[in-house]
Amino acid sequence: MDGFTLLIFGGVGAILLVLWIVGKAAPGNGSEQLGLNAREIEERRIMLELEDDEQVREALESIRSRRAARESGKPLPETD
């Protein structure tokens, strides 16, 4: 290997070593550092899924009511 290659590998190795040492010195894990924990993340995900399901149900209900109104000849219901 030539000198430049050794310098590059040495520099990358030094950066990785410094990052590893800093990671070991910092308390907790990465998610704790960001103020997150697994239970809060799971609860948030479930709440968002329930909200999505509710929005899908509302949209399907709106589509069905419009289709029924169109087929019966009644005026279309007002939309928000």
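Keep in mind the model is a prediction, meaning the values are calculated, not measured.

## Notes on the overall build of the protein chain
Helices and strands together make up the secondary structure of the protein chain, namely three helices and zero strands. Ordering the α and β elements of the protein chain from the N terminus gives α-α-α. When burial is assessed residue by residue, the protein chain has 1% of its 80 residues classed as buried. Accessible area of the protein chain: about 7500 Å², with a carbon and sulfur share of 62%.

## Examining the confidence of the model for the protein chain
When pLDDT is averaged along the protein chain, the result is 86, and 86% of the positions lie at 70 or above. Between the elements of the protein chain, mean pLDDT differs from a low of 69, seen in helix α2 (residues 30-33), to a high of 92, seen in helix α1 (residues 3-25).

## Overview of a negative patch on the surface
A cluster of acidic residues, E51, D52, D53, E54, E58 and E61, forms a negative patch at the surface. Tracing the chain through its elements places D52 in helix α3 (residues 38-72). The partly exposed category is assigned to D52, whose relative accessible area is 44%.

## Here's the deal with a nonpolar patch on the surface
Together, F4, L7, I8, V12, I15, L16 and L19 give the surface a local cluster of nonpolar side chains, amounting to about 740 Å² of exposed area. The topology assignment puts L16 in helix α1.

## A look at α1
Look at α1: 33 Å from first C-alpha to last across 23 residues, which is about the 33 Å you get at 1.5 Å a residue. Where burial is concerned, little of α1 is hidden: zero out of the 23 residues are buried.

## Digging into α3
In this model α3 runs 51 Å from its N-terminal to its C-terminal C-alpha over 35 residues, within 8% of the 51 Å that 1.5 Å per residue would give. Taken from the residues just after α3, G73 is the one with a positive phi, measuring 85°.

## Digging into the pattern of salt bridges
Inspection of every chain in the model, using the stated rule, returns two salt bridges. Among the salt bridges present, the one from E42 reaches R45, with a minimum N-O distance of 2.4 Å. One end of the pair, E42, and the other, R45, are both in helix α3, three residues apart, so they sit about a helical turn from each other. A single network of salt bridges, built from pairs that share partners, joins E42, R45 and E49.

Conventions and cut-offs
Residues numbered from 1 in each chain as written. Predicted model: local features only at pLDDT ≥ 70, side-chain atom pairs only at ≥ 80, totals over all residues. Heavy atoms only, no water. Helix = DSSP H or I, 4+ residues; strand = E, 2+ residues; numbered from the N terminus. Buried < 20%, exposed > 50% of the residue type's maximum accessible area, 1.4 Å probe, protein only. Areas by Shrake-Rupley, 256 points an atom, 1.4 Å probe, with all protein chains shown as cover. pLDDT = per-residue confidence, 0-100. Patch = residues over 30% accessible without salt bridge, like charges linked within 9 Å, V, L, I, M, F, W, Y side chains within 5 Å. Salt bridge = Lys/Arg side-chain N within 4 Å of Asp/Glu carboxyl O. Lys, Arg positive; Asp, Glu negative; His and termini not counted. Charge placed at Lys NZ, Arg CZ, Asp CG, Glu CD. Expected span 1.5 Å × (residues − 1).

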